[in-house]
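In case you want the letters, here they are:
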Amino acid sequence: MRANLRATGGQLVSERVSAVLAPRIGKTAARELLAQASLLASRTGLPLADVLAELPQLAGVLSREEAAGLLDPATYTGVAGPLVDRALTPPGHAQPPAS
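**With respect to the overall build of the protein chain**
Secondary structure summary: the protein chain contains 6 helices and 0 strands in total. Shown N-terminal to C-terminal, the secondary structure of the protein chain runs as helices and strands in the order α-α-α-α-α-α. Taken across its 99 residues, the protein chain has 24% of its residues classed as buried. For the protein chain, the proportion of contacts with a sequence separation of at least 24, taken over those separated by at least 6, is 48%. Of the roughly 6,600 Å² that the protein chain leaves accessible, carbon and sulfur atoms contribute 59%.

**Digging into the pattern of salt bridges**
Under the criterion given, the structure shown has 3 salt bridges. Here Arg64 and Asp50 are joined by a salt bridge, their closest N and O atoms 3.0 Å apart. Taken together, the positions of Arg64 in helix 5 (residues 64-70) and Asp50 in helix 4 (residues 48-54) put the pair 14 residues apart, joining distant regions of the chain. We classify Arg64 as partly exposed; its relative accessible area is 32%.

**Quick notes on the packing of helix 2 (residues 15-25) against helix 3 (residues 27-44)**
Between helix 2 and helix 3, the shortest axis-to-axis distance is 7 Å and the interhelical angle comes to 135 degrees. As far as their axial angle goes, helix 3 and helix 2 are oblique. Note on packing geometry: the crossing formed by helix 2 with helix 3 is right-handed. Counted together, Val17, Ser18, Leu21, Ala22 and Ile25 of helix 2 and Lys27, Ala29, Ala30, Arg31, Leu33 and Leu34 of helix 3 form the full contact between these two elements.

**Brief notes about the confidence of the model for the protein chain**
Here the protein chain averages 85 in pLDDT, while 84% of its residues score no lower than 70. Per-element mean pLDDT across the protein chain ranges from 66 in helix 1 (residues 2-7) up to 94 in helix 3.

**Examining the environment of Leu39**
Among the secondary structure elements, Leu39 is positioned in helix 3. Taking relative accessible area as the criterion, Leu39 reaches 44% and is therefore assigned partly exposed. A sequence separation of 12 residues divides Leu39 from Val51, and the C-alpha atoms of the two residues are 9.8 Å apart.

Thresholds, definitions, all that
Residues numbered from 1 in each chain as written. Predicted model: local features only at pLDDT ≥ 70, side-chain atom pairs only at ≥ 80, totals over all residues. Heavy atoms only, no water. Helix = DSSP H or I, 4+ residues; strand = E, 2+ residues; numbered from the N terminus. Buried < 20%, exposed > 50% of the residue type's maximum accessible area, 1.4 Å probe, protein only. Contact = heavy atoms within 4.5 Å. Areas by Shrake-Rupley, 256 points an atom, 1.4 Å probe, with all protein chains shown as cover. Salt bridge = Lys/Arg side-chain N within 4 Å of Asp/Glu carboxyl O. Axes fitted to C-alpha atoms, helices over the stretch in contact; angles between N-to-C directions. Parallel < 35°, antiparallel > 145°, perpendicular 65-115°, else oblique. Left-handed = near helix turned anticlockwise from the far one by under 90°. pLDDT = per-residue confidence, 0-100.

Shown next, in the form of structure tokens:
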């Protein structure tokens, strides 16, 4: 599985980047830039974090380090925590507060 994740250069968890960029540059711009960067990463074989770091539109908006951290599948859990909490909460009991 790690090999598959590495082979995508971070693209499998790129929605995190979109979520972080949306409030900074707008949702549409974030999606468009991410789509362009993903295509370029696929064509060149470069990691997506490197491609994003070189985009002039993201200068001062997203650093290479931040992009690499967001694209690290080892730190990505998505909504797994709340889903596990919901699954483990007995019927009739209050749900834990969302984090």
